[in-house]
Structures are given as structure tokens and as C-alpha cells.
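# Descriptive analysis of the structure
Letter by letter, the chains look like this.
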Amino acid sequence: VRASRAAVPTVKLPVAAAAPVDAAALARVLAPGTTSCMLPAAAYLDDGVLAWERTHLFAKAWVCAGRADDLGAVGARRAVEVGDDAVLLVRGEDGVLRGFYDVCRHRAHELAPCGGATTAHRSIRCPYHGWRYGLDGALLATPHFEAAADFDRSGHALVPVRTVEWHGWVMVNAGGGAAPLDEFLAGLEPHVVDHEPERLAVGATHSYELAANWKLVIENYQECLHCPSIHPELCRVSPSTSGENALGHEGFWVGGWQDLLPPAVTMSLTGESPTVPLPGLRGDARRRIDYLGLLPNLLVSLHPDYVMTHRIEPLAPGRTAVECQWLFAPEDLERPGFDPSFAVDFWDLTNRQDWAACESVQRGVSSRGFRQGPFSTAEDAVAQFVRLVARAYQSGGWARC
Ligand code: FES
Ligand SMILES: [Fe+2]
């Protein structure tokens, strides 16, 4: 479910460096020697906090704008929403995927509608008065435009947005100031590389919209303390107390892994898989699932035989869109009769169980009876995430804590 941009009123006012969140409440989250505690209610309810987060958490980070699978051909392009802005992704003559703000340099018409189909042409033509740009953003033609004598085409190229392909996902830094992606995600590569996600293709996509703050989706994803209570099917194939969290790295990601419970070979309702482990995986990697949360908006779940992602988009303080995708090896997807439902059905059920919990917590944090509840040691990855957010609220952007 994609909310239209018009349905999400965002007013771009100057936003102060520190978030409009009570300092004493943040001090409780960051208190040394504790297991930390939840963020204060304003973090989940306040329009001003979400506006601040869009400017300081999303625009200052590498935000996932989806897969690049359909953008392989020269000239292929698609406009996507990234935070509160729109970006036109275009594959250049040189094979490089570039991003440009989706706005014409003449009178600011959008170059392509967000959420529209992928198309391919040799140039980029504005639909309003026909200005034409090259795939590298250079202004090539201004039909019927009787320009002033000092008009200089070279000063009217499309405005680029930092864009990088990472294992087949498109990562965009709309604000331009984030550390290079490999620094921003320091320590993550060894967890991902053997699955070769860049080789995989999307076998299924589900779009959800839930009545909960975007951070609650990440907090819920980062612990399995709730699994015995709400995920009986999950607990049959993976022990909720197994695995560890990867702490002590420098990157802006949180996560860890859990083991499969024999005889299960993957996360499915029966524990069975219609395929074999991905070819790069050896030993323990065939017996576990890595759950990685890339801040601020991509959850990557690496299974022995498939990869699942949740791409998170805040729509309002209490409303979040989640795009869930299941990626499989191309040889699986091409095999006659291959049915991805073993993975899709399991996680669709689990997703819905999780969304119900997140929505209940959203209602809870809006109660007058809400107080910042404590985390256990088993919720250390949740604590790591909310501490990073609290630290950012204090300092004006992502910072180690
Ligand atoms: S606004 Fe694009 S050509 Fe006029
Ligand atoms: Fe869950």
C-alpha cells in the first residue's frame, strides 16, 4: 500500500539540531550501567519529531529506495520517494545508476511520477515544456524556449543525489553528508557477502500499512523475547533463545542471528524447503538466519535458501508503510513449478502477528499510563537501536554512543 505524497502533509520548516524531545527522558535511555529503556512517548506520537527525523535521521543516512533489478538497461528510469523527497533513478550510458532530484530545472515540474512504472529512453524529457536532459543529467535541449542572451545550458543540469548500488539494493543519501556507505555500514559486509544478494531476484512482494511508528517495527524486529507469546509457528523451526547479537561494531546497523531447530532447514511452516542452500554458504551459515537492521529503513533477513527484506517508510508518527520482499536464486525462480509460498506464507503470517503487536504498543505509548519501560539483556539489540536514536536526538544526527 503506497500512500500518495499528497496524503502525507510535510512542511519543510527549518528544524533545530536537537530533536524536540524531553532531555531528561533521553538521559534515561542513555544512562550508563543500565540495560536502557524505551524512548519517550513523543518519539512515537509527535509530528515535530517525525519532521525532525526526516531531516536528521533519514536525509543524513543511506536510505534504501528498493531493488535495482528493473533498472539494468541503459536509459531505464523510475522515480521513487526517499524520505520527504523524490528521486529519479536512471541507468547511464556508462552502466552507472544515478539519482537526480525529480525536478526539472525549468519550472520545477516533476520529471516522472513517483511510484510509476519503469521505462527506458535515451534521454530524460520533462513532460511540462519538453526540456530534454542526457542520462548523466546534462541539459541537452530547450524546445521553443527563447532564452535570454546570457542563458547557459551547462548551469541547468539536473541536481544529482548520492546514489549507490549495494548488493542489488539502491541506497540514496538525500542530504549528501553521510559517511561513505561502507563506513556507514562498517562491520556489516561479512554478514551479507556470502548470500550474494546482488545475484538474487524478487520472487514476491507484499505491501503493508500499519498503525504504528516506524521505529516500533525495528524495535520489534530486534528481539525474539516475544516469539514464544505470539509466534508459535516460528518457535517450531527456530529456538527464540538461540543465537547472538552482533555488538561492538562501528556501523549504523543492529542485528544478530538465530539458529534453525533440527530437522528444520529453513523458516517455513513445515521447516522444509523446496530448494537447496545458496551456493556461497558453508557450515553454520546453512543452519542460521541473520537478522540485520540497516538504519534507518531496511531490515535484511538472510536465510540459508532465500533473503527477505522489510523496507520501512514512515507516513505519519503513527502510520508506517512496509514493503516486504522475498528474493530467491534465479535458478530457483526459473525452475518450472518452483513455488515461493513456503517462505512467503510463513513470513506473511509472522509479519501480521508482529504488526498486531506493534499497533498495540503504539496504542500503549499514547496512553496517559505510559512510562519508559526497561529492556532485558535479551533485548540488547533493541537497546542499541534506541540508544542510537536517542544519541541522534541529542546531537542532531547519527553518531556512535
Ligand atoms: S518545467 Fe520542465 S520543461 Fe518546463
Ligand atoms: Fe516477531
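Along each chain, residue indices are assigned from 1 in the same order as the chain's sequence is written. Chains and ligands are labelled sequentially in the order written, the chains with letters from A and the ligands with numbers from 1. Where local features are concerned, this predicted model is filtered to residues with pLDDT of at least 70; where side-chain atom pairs are given and counted, the filter is 80 or more; whole-chain, interface and lining totals use all residues. The side-chain values count all of the structure's non-hydrogen atoms but skip hydrogen atoms and water molecules.

## Brief notes about the layout of surface pockets
As a volume, the largest pocket reaches approximately 550 Å³. The pocket and cavity definitions rest on a 1 Å grid over protein atoms only: a 1.4 Å probe that fits but cannot leave marks a cavity, an open set with protein on both sides within 12 Å along at least five of seven lines marks a pocket, and residues lining either have an atom within 4 Å of a point. Lining the largest pocket are 32 residues, with Tyr-221, Gln-222, Glu-223, Cys-224 and Gln-258 positioned closest to its centre. Every element with two or more residues in the lining of the largest pocket is listed here: α6 (214–221), α7 (227–230), β12 (244–245), β13 (253–259) and α10 (341–365). Labels follow the DSSP assignment, with helices taken as runs of H or I lasting at least four residues and strands as runs of E lasting at least two, numbered in each case from the N terminus. The element best represented in the lining of the largest pocket is α10, accounting for five residues. Of the residues that constitute the lining of the largest pocket, the class distribution is 13 nonpolar, 15 polar and four charged. Here the second largest pocket is characterised by a volume of approximately 360 Å³. Grid points are joined across faces, edges and corners, and a volume is the space filled by probe spheres set on the points. Just so you know the grouping, Ala, Val, Leu, Ile, Met, Phe, Trp, Tyr, Cys and Pro go in nonpolar, Asp, Glu, Lys and Arg go in charged, and all remaining residues, Gly too, go in polar.

## Here's the deal with the coordination of the iron ion (ligand 2)
Nitrogen, oxygen and sulfur within 2.8 Å of a metal are treated as its donors, or within 3.2 Å for sodium, potassium and calcium (Na, K, Ca); water is not counted, so a site can appear incomplete. Protein coordination at the iron ion (ligand 2): the donors are His-226 (NE2), His-231 (NE2), Asp-354 (OD) and Asp-354 (OD), at 2.0 to 2.7 Å from the metal. Coordination at the iron ion (ligand 2) comes from four donor atoms whose angles at the metal span 53 to 151°, giving a geometry best classed as irregular. Sequence positions of the donors to the iron ion (ligand 2) reduce to the motif H-x4-H-x122-D. Per-residue accessibility, obtained with a 1.4 Å probe over protein chains only, is compared with the maximum for each type, and a residue is labelled buried under 20%, exposed over 50%, and partly exposed between these values. According to the relative accessible area criterion, His-226 is buried, its value standing at 14%. Labels for metal geometry use angle windows, namely 85 to 135 degrees for all angles of a four-donor tetrahedral site, and for square planar (four donors) or octahedral (six donors) sites opposite donors over 155 degrees apart plus all others within 65 to 115; sites meeting none of these are irregular.

## Comments concerning the sheet that holds strand β7 (residues 132–133)
The criterion for strand pairing is that DSSP finds at least two bridges linking the strands in question. Strands sit in the order β6-β7-β8 across an open sheet of three strands; the sheet is antiparallel. The open sheet has two free edges, formed respectively by β6 (124–125) and β8 (139–141), since each of these has just one partner strand. Taken together, the two bridges between β6 and β7 define a ladder with antiparallel strand orientation. Looking at the pairing, Ile-124 lines up with Tyr-133 of β7.

## What to know about the state of the cysteines
For this text, the term disulfide refers to a pair of cysteine sulfurs within 2.5 Å. Using the criterion set out here, one finds one disulfide in the structure. The disulfide partner of Cys-224 is Cys-227, and the gap between their sulfur atoms is 1.9 Å. Its S-S torsion of about -105° marks the bond between Cys-224 and Cys-227 as left-handed, since a negative value means left-handed. Residue Cys-64 stays outside any disulfide, its sulfur separated by 13 Å from that of Cys-324, the closest cysteine. For Cys-64, a relative accessible area of 2% gives the class buried.

## Section: the sheet that holds strand β15 (residues 298–302)
Here we have seven strands laid out as an open sheet, ordered β11-β17-β16-β15-β14-β13-β12, and antiparallel in their pairing. Only two strands of the sheet have a single neighbouring strand rather than two, namely β11 (201–210) and β12. The pairing of strand β14 (residues 288–294) with β15 spans five bridges and is classified as antiparallel. Directly across from Asp-290, in β15, lies its bridge partner Leu-302. A contact between two residues is defined here by any heavy atoms of the two lying within 4.5 Å. Only the contacting stretch of a helix is used when fitting its axis, a line to C-alpha atoms as for every element, and angles between N-to-C directions run 0 to 180 degrees. The sheet contacts of α10 involve β11, β14, β16 (307–316) and β17 (319–328), and relative to β11 the element is tilted by about 20°.

## Here we look at the packing of aromatic side chains
In this scheme Phe, Tyr and Trp rings, the latter by its six-membered ring, pair at centre separations within 6.5 Å, and the angle between planes marks the pair as stacked below 30 degrees, edge-to-face above 60, and tilted otherwise. What the rule picks out here adds up to 18 aromatic pairs. A centroid spacing of 4.9 Å and a plane angle of 75° characterise the contact between Phe-58 and Trp-214, whose relative ring orientation is edge-to-face. Of the two residues, Phe-58 sits in helix α3 (residues 47–58) while Trp-214 sits in helix α6, which places them 156 residues apart along the sequence. There is no split in this pair, since Phe-58 and Trp-214 are both buried. Seen in terms of ring centroids, Phe-346 and Trp-347 are 5.1 Å apart; in terms of plane orientation they differ by 90°. Their pairing is edge-to-face. Given the relative accessible area of 0%, Phe-346 is considered buried. In textbook terms, an aromatic cluster arises when at least three aromatic residues are bridged by ring pairs, as seen for Tyr-221, Tyr-291, Phe-346 and Trp-347. Any Lys NZ or Arg CZ found within 6 Å of a ring centre and within 35 degrees of that ring's normal is scored as a charge over the ring. A cation sits over an aromatic face here: Arg-288 above Trp-257, 4.2 Å from the ring centre. Over the ring of Phe-252 we find Arg-400, and its NZ or CZ is 5.3 Å from the ring centre.

## Structural notes on the pairing of β17
Each regular strand shows side chains that alternate between the opposite faces of the sheet. Here β17 lies mainly inside the structure; nine of its 10 residues are buried. Sheet analysis places β11 next to β17, joined by nine bridges and oriented antiparallel. Residue pairing for β17: Glu-209 is matched across the bridge by Ala-321. Two elements, β16 and β17, share nine bridges in a ladder whose sense is antiparallel. Pairing of Arg-311 across the sheet is with Glu-323, part of β17.

## Details of the pairing of β14
The buried fraction of β14 amounts to six of the seven residues, a majority that puts the element mostly inside the structure. Of the strand pairs in this sheet, β13 and β14 are connected by seven bridges, and their pairing is antiparallel. Residue Trp-253 lies in a different strand from β14, and its bridge partner there is Leu-294. Hairpin connection of β14 to β15: three residues between the antiparallel strands.

## Things to note about helix α11 (residues 380–395)
Expected helix span is computed as 1.5 Å times (number of residues minus one). Its 16 residues give α11 an end-to-end C-alpha distance of 22 Å, which sits within 8% of 22 Å, the value for a rise of 1.5 Å per residue. Extensive coverage of α11 is indicated by the burial of 12 of its 16 residues. Among the residues making up α11, those that are buried are Ala-381, Val-382, Ala-383, Gln-384, Phe-385, Val-386, Arg-387, Leu-388, Val-389, Ala-390, Ala-392 and Tyr-393. Structurally, α11 contributes buried residues whose contacts are with α1 (23–30), α2 (42–45), α3, α6, β12 and β13.

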